[in-house]
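# Observations on the three-dimensional arrangement
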Amino acid sequence: AASHLKSRCPQYPGSKIKRFLVPDDKVGWSQNWPQYNPVSHTDPSVEKKPVWADPDIGSFSPKFNAVDGAVDRTSFEGSYKIEKGKPLNPHGRTGVTGRGLLGRWGPNHAADPIVTRWKVDAKQAKIFHSVSKRPILQFVSIKRKDCGEWAIPGGMVDPGEQVSLTLQREFSEEALNSLAVPSSERAKISERISKLFKSPGFQVYKGCVDDPRNTDNAWMETVAVNFHDESGNSVSELPLQAGDDAGQVQWVDVDSSFPLYANHSHFLELVAKEKKAHW
Ligand code: RP5
Ligand code: MG
Ligand code: MG
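Residues numbered from 1 in each chain as written. Chains lettered and ligands numbered in written order. Predicted model: local features only at pLDDT ≥ 70, side-chain atom pairs only at ≥ 80, totals over all residues.

## Quick word on the overall build of the chain
Scanning the chain from N- to C-terminus turns up four helices and 13 strands. A compact globule built from 279 residues should have a C-alpha radius of gyration of about 19 Å, and the chain, at 20 Å, falls within 12% of that. With respect to the three principal axes, the spread of C-alpha positions in the chain is 65 × 45 × 35 Å. When the 279 residues of the chain are sorted by exposure, 38% land in the buried category. Sequence-distant contacts in the chain: of pairs separated by 6 or more residues, those separated by 24 or more amount to 70%. (Helix = DSSP H or I, 4+ residues; strand = E, 2+ residues; numbered from the N terminus. Rg over C-alpha atoms; globule rule 2.2 N^0.38 Å. Buried ≥ 20, exposed ≤ 12 C-beta atoms within 10 Å, placed from the backbone. Contact = placed C-beta atoms within 7 Å.)

Written out as structure tokens, the structure is:
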């Protein structure tokens, strides 16, 4: 249940909706709970049928647990159940039904680029943490406009898009503001950035995200990949500029005490472990 806390945040984001309270021992669908009376909620932004959203169930029956045309409706966590035509969140009850702010019924696939470098002093020497005695990593973090929380600059995988492209595109849009530069210069940014993103990277996590937007019938899943600038002369030299759904962007020390959106801290912990860095 530790990975299903933000999915049960009392107040549903961007609304006045209060989730039906789900205690830890009633999260699992296998727990019989006749009193469960979740609130149905689909945000107006989703109801007005934007291109990124599914229609309502009834008029529409997608192929769940399958790649449905260009939309990947498979889950990284195995086959999910369908009840009365609606998919059930593999991590259990959330206190809200419908899609809330999410466009897809079932899994909503995202990608999270974790771009890191070592924290160094004026002489380019690694800085070690006074308590853990380990070198400190820094990662590119954005402040989300929707909730004001610091986060990895991730975003949704477009229908049919390769995850490797989503990682690079979302990083460029949110941390380098590529959408605001003329297309001629955009090519230059993507050239510099694609070098780092062409390296295989370290796949940190693949699975459900404990996102506050999750509902009983719609949830976030992600592939989080670490791209590390070991020498500090690749991305470290690019000027960061917040764009799209990012309000601010900066290099942030990787540290367990820094609060992050959803369960992004967990992804950074895995990066720190792998790099034997301070956490
Ligand atoms: C999180 O939401 C993912 O981990 C990813 O960082 C992000 C994708 O959604 P948007 O940034 O497009 O809202 O669950
Ligand atoms: Mg984005
Ligand atoms: Mg985003």
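Don't stop here, the text continues.
## A short note on unusual backbone geometry
You will see that Asn177, though not glycine, has its phi angle at about 55°, which is positive. One non-glycine residue, Ala262, lies in positive phi territory at about 45°. Take Ala262: it is sitting in the loop between strand S13 (246-253) and helix H4 (264-274). With 26 C-beta atoms counted inside 10 Å, the residue Ala262 sits in the buried group.

## Focus on helix H2 (residues 163-175)
Taking 1.5 Å of rise per residue, 13 residues should cover 18 Å, and H2 covers 18 Å from first to last C-alpha, within 8% of that figure. Listed in full, the buried residues belonging to H2 are Thr166, Leu167, Gln168, Arg169, Glu170, Phe171, Ser172, Glu174 and Ala175. Contact partners of the buried residues in H2: strand S7 (106-118), strand S8 (137-144), strand S10 (155-156), helix H3 (183-198), strand S12 (218-228) and S13. Of the residues flanking the end of H2, it is Asn177, one or two places downstream, whose phi is positive at about 55°. (Expected span 1.5 Å × (residues − 1).)

## What about the UniProt feature "domain: Nudix hydrolase" (unreviewed entry) in the chain?
With numbering aligned to this structure, UniProt lists the feature "domain: Nudix hydrolase" (unreviewed entry) at residues 118-274. The span residues 118-274 is 25% helical and 25% strand by assignment, and the distance between its end C-alpha atoms comes to 14 Å. (UniProt positions renumbered as here; feature names shortened; annotations may be inferred.)

## Considering the confidence of the model for the chain
Counting all residues, the mean pLDDT for the chain is 94, and 99% of those residues have values of 70 or more. Here the predicted complex scores 0.94 on pTM and 0.98 on ipTM. (pLDDT = per-residue confidence, 0-100.)

## Here's the deal with the site of ligand 1
Contacts to ligand 1 come from 13 residues, most closely from Ala110, Gly154, Val209, Asp211 and Met220. Taken together, the elements giving at least two residues each to the shell around ligand 1 come down to S7, S10 and S12. Split by residue class, the shell around ligand 1 holds seven nonpolar, three polar and three charged. (Near = placed C-beta within 6 Å. Nonpolar A, V, L, I, M, F, W, Y, C, P; charged D, E, K, R; others polar.)

## Looking at the packing of H2 against H3
H3 packs onto H2 with a crossing angle of 130° between their chain directions and a minimal axis gap of 10 Å. It follows that H2 is oblique to H3 by the angle criterion. Crossing angle aside, the handedness with which H2 passes H3 is right-handed. From H2, Leu167, Gln168, Phe171 and Ser172 reach across to H3, where they touch Ile189, Ser190, Ile193, Ser194 and Phe197. Residues of the contact of H2 with H3, tallied by class, amount to five nonpolar, four polar and no charged. (Axes fitted to C-alpha atoms, helices over the stretch in contact; angles between N-to-C directions. Parallel < 35°, antiparallel > 145°, perpendicular 65-115°, else oblique. Left-handed = near helix turned anticlockwise from the far one by under 90°.)

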